[in-house]
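This is what each chain is made of:
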Amino acid sequence: MAHAENQITISRSPDEVYAFLADGLNNTAWRAGVQSISLKSGTPGMLGAVYKQTLSGPGGRPIDGDYEITAAEPGRLLGFQVVAGPARPSGAYHLGPSDGGTTVRFTLDLHPKGLMKLVGPMVQRTMDQEVAQLAQLKTVLEAR
């Protein structure tokens, strides 16, 4: 199994951070690899909502990265499962109050199958880079 995790404290309330993360349309504001995103089905930010997402793959070529919200506890937890594309990790944003803000822990997990096992180190690097983008989330939210 591949696992990546990062944590940061953001000077915004858990409800503000959750609302920003739950609206998948905000992904382009802080996630460098997101080329485009739109709501595919469901209610924005709610359990079962599916977002159609195009990501920058190897060499910058577009790849699918659609995801479904699998856990939605405002101010506490936002979980998702990637449902399209070559790698289909599950992930979660765990939120908790902190002095003057919110501690955000971002986790990603992938159980590689078949040929995906052969590119394990590349997948791990990509997952590590993804969770490292919490620093950009902090910059974006604190500038609001």
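One structure accompanies this document, and this report is about it. Predicted model, so just to flag it, every value in this text is computed and none were measured. Each chain has its residues counted from 1, running along the sequence as written. It should be noted that, the model being predicted, local features are given only for residues of pLDDT at least 70 and side-chain atom pairs only at 80 or more, the latter also being counted only at that level, while totals for whole chains, interfaces and linings use all residues. To obtain the side-chain values, all non-hydrogen atoms of the structure were used and water was disregarded.

Scanning the protein chain from N- to C-terminus turns up four helices and eight strands. Counting from the amino terminus, the protein chain carries its helices and strands in the arrangement β-α-α-β-β-β-β-β-β-β-α-α. Counting only C-alpha atoms and orienting by the principal axes, one finds that the protein chain spans roughly 45 × 30 × 25 Å. Accessibility here uses a 1.4 Å probe with only protein chains present; expressed as a share of the type maximum, an area under 20% marks a residue as buried, one over 50% as exposed, and anything in between as partly exposed. Among the 144 residues that make up the protein chain, the fraction classed as buried is 44%. Whether two residues are in contact is decided by their heavy atoms, any of which lying within 4.5 Å being enough. Partitioning the contacts of the protein chain with sequence separation of at least 6, the portion at a separation of at least 24 is 47%. All accessible areas in this document rest on Shrake-Rupley with a 1.4 Å probe, and a residue is counted as covered only by the protein chains that are shown. When the accessible surface of the protein chain is totalled, it reaches about 7500 Å², and 55% of it is carbon and sulfur. Helix and strand definitions here come from DSSP, where helices need a minimum of 4 consecutive H or I residues and strands a minimum of 2 consecutive E residues; each element is numbered from the N-terminal end.

On to the packing of aromatic side chains, then. Stacked, tilted and edge-to-face are the three classes assigned to paired rings of Phe, Tyr and Trp, where Trp is represented by its six-membered ring and a pair needs centres within 6.5 Å; plane angles under 30 degrees give stacked, over 60 edge-to-face, the rest tilted. Summed over all chains, the structure comprises six aromatic pairs. A ring pair is formed by tyrosine 51 and tyrosine 67, whose centres lie 5.4 Å apart and whose planes are at 20°; its orientation type is stacked. Of this pair, tyrosine 51 sits in strand E3 (residues 50–56) while tyrosine 67 is found in strand E5 (residues 67–73), placing the two residues 16 residues apart along the sequence. By the burial criterion, tyrosine 51 is buried, and tyrosine 67 matches it. Note on phenylalanine 80 and phenylalanine 106: the rings are 6.4 Å apart at their centroids and 55° apart in plane angle, and the pair reads as tilted. Taken together, the residues phenylalanine 80 in strand E6 (residues 77–82) and phenylalanine 106 in strand E8 (residues 101–110) connect sequence positions 26 residues apart. The pair phenylalanine 80 / phenylalanine 106 is uniform in exposure class, with both members buried.

Our focus in this paragraph is the pattern of salt bridges. Each salt bridge in this description consists of a side-chain nitrogen of Lys or Arg and a carboxyl oxygen of Asp or Glu lying within 4 Å of one another. A complete count under the given rule lists five salt bridges for this structure. The partner of glutamate 5 in a salt bridge is arginine 105, with the nearest N and O atoms 3.7 Å apart. Of this pair, glutamate 5 sits in strand E1 (residues 2–10) while arginine 105 sits in strand E8; the two residues are 100 residues apart in sequence, bridging distant segments of the chain. A relative accessible area of 28% places arginine 105 in the partly exposed class. One salt bridge connects arginine 76 with glutamate 73, and the closest N-O pair in it is separated by 3.3 Å.

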